[in-house]
Amino acid sequence: MTKVIAPGGRLGVLGSGQLGRMFALAARRLGYRVIVYSPDQDSPTGQVADTEFTARYDDLERVKAFARTVDVVTFEFENVPFPTAAACAQFVPVRPRGEVLHITQQRLREKTYLREQGFPVTPFARVTSLAELEAAIDALGLPAVLKSADFGYDGKGQRKLLARADAPAAWAVLGVKEAILEGFVDFALEVSVVAARGLDGSFAAFDVFENAHANHILDVTVCPARIDPKLARQALELARGILERLDVVGVLCVEMFVTKSGALLVNELAPRPHNSGHLTFDASLTNQFEQQVRAVCGLPLGSPQSLRPAAMMNLLGDVWANGEPHWAAALELPNVKLHLYGKSDPRPGRKMGHLTALADTVDEAERAVREARARLVRCG
Ligand code: AMP
């Protein structure tokens, strides 16, 4: 089970979005074959994979047929059902292991695990009824955020509560059996650490990313984060502790709040490369997807060293609101790189691609990437 999967090997990926696509691109550059499994056709990953299995995740016979054709299985999103990962594990290693998937695919399990293991998390309580919600509000105080226990990514399935009187409506609208109430963190900043851990326990983390969200969706990331170097070291050590405790083989992202008093609180884990790490494609010696390939294949991890200050902005479907974006106008900026995911339907809020800008300083990179995105729309 611990042998190296050398280039030429067959890498299976569950899920077929943009994270799988960028994983497949990195894998193919290293000479691997990529086999993707998902229910979708003409998917971002399927377009660049060697082979596609198009079937439902709960079709365990097809899942097993897929697993028999590959040397290792990884995943590109954490909502892959646990039994799917378990079916694959009967045949080949699943990396990160299925238990990591199981813990991180449900908010309540994830937060409970982190708290039990002594990692700092937002105060929270389990809620399964209106009475429990009211009791949780009394315990945690207001404002608070009510979230479905199941993810729910990019802010879907969550409501901010400002008054106790909001509770009945919030509970009814959320419409789930199990939820989590979290104290609202009046944070100074959001940051994330994307790190990799090898089969031999080796560890490599990218510099800390600083993230800004719009409508609960990541909007801008800059790297390195504009935080005190001591706090950056603490964030990296926190991530290292989590990857080691979970015995991760692969890549994992830790999203954190920096409180106004300078403390770190973990908001969420993602057991895979993360949107905030997309700038590593252009700005780091080894990008997060190559790192995932190396880790799941048992190869040595690459250097995560950052080559230049960088900034990334997401391109949501909204950028298409006035028609086809003006690509040439953005790309006139010579330090800007364009990444598109091969999606044909630019719905509002849908992640269609991203832009990365490199510069001498983070502030300059951020200005450039904002200018590039504005040009896409302004001239459209
Ligand atoms: P999530 O889906 O839990 O990652 O939340 C998406 C975004 O909502 C986060 O990145 C924060 O900007 C915001 N958010 C979520 N939970 C909290 C919280 N407990 N306090 C303050 N802001 C939050």
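Rules used throughout
Residues numbered from 1 in each chain as written. Predicted model: local features only at pLDDT ≥ 70, side-chain atom pairs only at ≥ 80, totals over all residues. Heavy atoms only, no water. Helix = DSSP H or I, 4+ residues; strand = E, 2+ residues; numbered from the N terminus. Rg over C-alpha atoms; globule rule 2.2 N^0.38 Å. Buried < 20%, exposed > 50% of the residue type's maximum accessible area, 1.4 Å probe, protein only. Contact = heavy atoms within 4.5 Å. Areas by Shrake-Rupley, 256 points an atom, 1.4 Å probe, with all protein chains shown as cover. Lys, Arg positive; Asp, Glu negative; His and termini not counted. Charge placed at Lys NZ, Arg CZ, Asp CG, Glu CD. Near = heavy atom within 4 Å. Polar contact = N/O pair within 3.5 Å; in protein donor to acceptor, adjacent residues only side chain to side chain. Pairing = 2+ DSSP bridges. Axes fitted to C-alpha atoms, helices over the stretch in contact; angles between N-to-C directions.

Caption draft 1: A look at the overall build of the protein chain. When its secondary structure is counted, the protein chain shows twelve helices and 17 strands. Its C-alpha atoms give the protein chain a radius of gyration of 21 Å, near enough to 21 Å, the size a compact globule of 380 residues would have. Judged by the C-alpha coordinates and their principal axes, the protein chain covers about 60 × 50 × 45 Å. A burial count over the protein chain gives 56% of its 380 residues as buried. In the protein chain, of all internal contacts separated by at least 6 residues, the share reaching a separation of at least 24 is 63%. Carbon and sulfur atoms provide 51% of the accessible area of the protein chain, an area that totals close to 15,600 Å². Seen as two clouds, the 43 positive and the 44 negative side-chain charges of the protein chain have centres 2 Å apart.

Caption draft 2: Here's a closer look at unusual backbone geometry. Put simply, L142 and P143 share a cis peptide bond, and its omega is 0 degrees. Phi at H216 takes a positive value of approximately 70 degrees, unusual for a residue other than glycine. Structurally, H216 is set in the loop between β11 (209–214) and β12 (217–223). Overall, the relative accessible area of 47% leaves H216 in the partly exposed class. Its identity is not glycine, yet D247 carries a phi of approximately 55 degrees, on the positive side. Here D247 shows up in the loop between α8 (229–245) and β13 (250–258).

Caption draft 3: Structural detail: the site of the ligand. In the region of the ligand, 17 residues are neighbours, and K147, E182, V185, E190 and E268 sit closest. Between the ligand and H216 there is a distance of 3.1 Å, counted from an oxygen atom to a side-chain nitrogen or oxygen. Where the shell around the ligand is concerned, the elements lending two or more residues are β6 (144–148), β8 (179–183) and β14 (264–270).

Caption draft 4: Representation of the sheet that holds β6. With antiparallel pairing, the four strands of this open sheet are ordered in space as β5-β8-β6-β7. The open sheet is flanked by β5 (124–127) and β7 (158–161), the only strands paired with a single partner. Adjacent strand axes in the sheet meet at a mean angle of 20 degrees, parallel and antiparallel pairs treated alike. Relative to β8, β6 is paired through five bridges, and the arrangement is antiparallel. Residue pairing in the sheet places S148 in a bridge with A179 of β8.

All we've got here are geometric facts, nothing functional implied.
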